[in-house]
Amino acid sequence: MTEAGLTTDHHAENVAKLRRMAGQIADFFKAYPEAEATASVADHINQFWTGRMRGDFLAAFANRPEDLPPLLRHVLPQIRPGRGG
């Protein structure tokens, strides 16, 4: 496999991992009222994810939010963009 292929595979794996992690956070808060769940998921991601994680997540799903469950689609605008590490 070429180095470019490894980079692409690594990026795809990273995006899948971030989506899975965000999904687990959303699953925890899904029993809350929608507004509270949305704010809580966004708050958790903004507090505990690095800027790079947030940036990668936003970049991956900004143009395809339909790939996310509804709660995470509502959260996207509230996630702070990353500024690096």
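About the thresholds
- Residues numbered from 1 in each chain as written.
- Predicted model: local features only at pLDDT ≥ 70, side-chain atom pairs only at ≥ 80, totals over all residues.
- Heavy atoms only, no water.
- Helix = DSSP H or I, 4+ residues; strand = E, 2+ residues; numbered from the N terminus.
- Buried < 20%, exposed > 50% of the residue type's maximum accessible area, 1.4 Å probe, protein only.
- Contact = heavy atoms within 4.5 Å.
- Salt bridge = Lys/Arg side-chain N within 4 Å of Asp/Glu carboxyl O.
- Polar contact = N/O pair within 3.5 Å; in protein donor to acceptor, adjacent residues only side chain to side chain.
- Phe/Tyr/Trp six-rings, centres within 6.5 Å; stacked < 30°, edge-to-face > 60°.

**Things to note about the overall build of the protein chain**
Each helix and strand counted, the protein chain has four helices and zero strands in total. Counting from the amino terminus, the protein chain carries its helices and strands in the arrangement α-α-α-α. Looking at the protein chain as a whole, 33% of its 85 residues are labelled buried. Taking contacts inside the protein chain between residues at least 6 apart in sequence as the whole, the part at least 24 apart equals 66%.

**What about the pattern of salt bridges?**
For the coordinates displayed, the defined rule picks out two salt bridges. One salt bridge connects Lys 30 with Asp 27, and the closest N-O pair in it is separated by 4.0 Å. One salt bridge in this structure joins Arg 64 and Asp 67, with 2.5 Å as the shortest N-O distance. For Arg 64, a relative accessible area of 36% corresponds to the partly exposed category. Of the residues examined, Asp 67 reaches a relative accessible area of 34% and is grouped as partly exposed.

**Some words on the side chain of Asn 46**
On the secondary structure map, Asn 46 appears in helix α2 (residues 34-48). At 3.0 Å, the side chain of Asn 46 forms a polar contact with the backbone oxygen of Gln 78. Within the structure, Asn 46 has its side chain in polar contact with the backbone nitrogen of Arg 80 (distance 2.7 Å). With near-sequence residues (within four places) excluded, Asn 46 lies in contact with Arg 54, Gln 78, Ile 79 and Arg 80.

**Regarding the packing of aromatic side chains**
Summed over all chains, the structure comprises four aromatic pairs. Between the aromatic rings of Phe 28 and Phe 29, the centroid separation amounts to 4.9 Å while the plane-to-plane angle is 85 degrees, which identifies the pairing as edge-to-face. For Phe 29, a relative accessible area of 13% translates into the label buried. Plain terms: the ring middles of Phe 29 and Tyr 32 are 5.2 Å apart, the flat faces sit at 70 degrees to each other, and that makes the pair edge-to-face. Owing to a relative accessible area of 33%, Tyr 32 belongs among the partly exposed residues under this scheme. Following the ring pairs from residue to residue traces out a cluster consisting of Phe 28, Phe 29 and Tyr 32.

So far we have only geometry, and geometry alone does not tell us how the molecule works.
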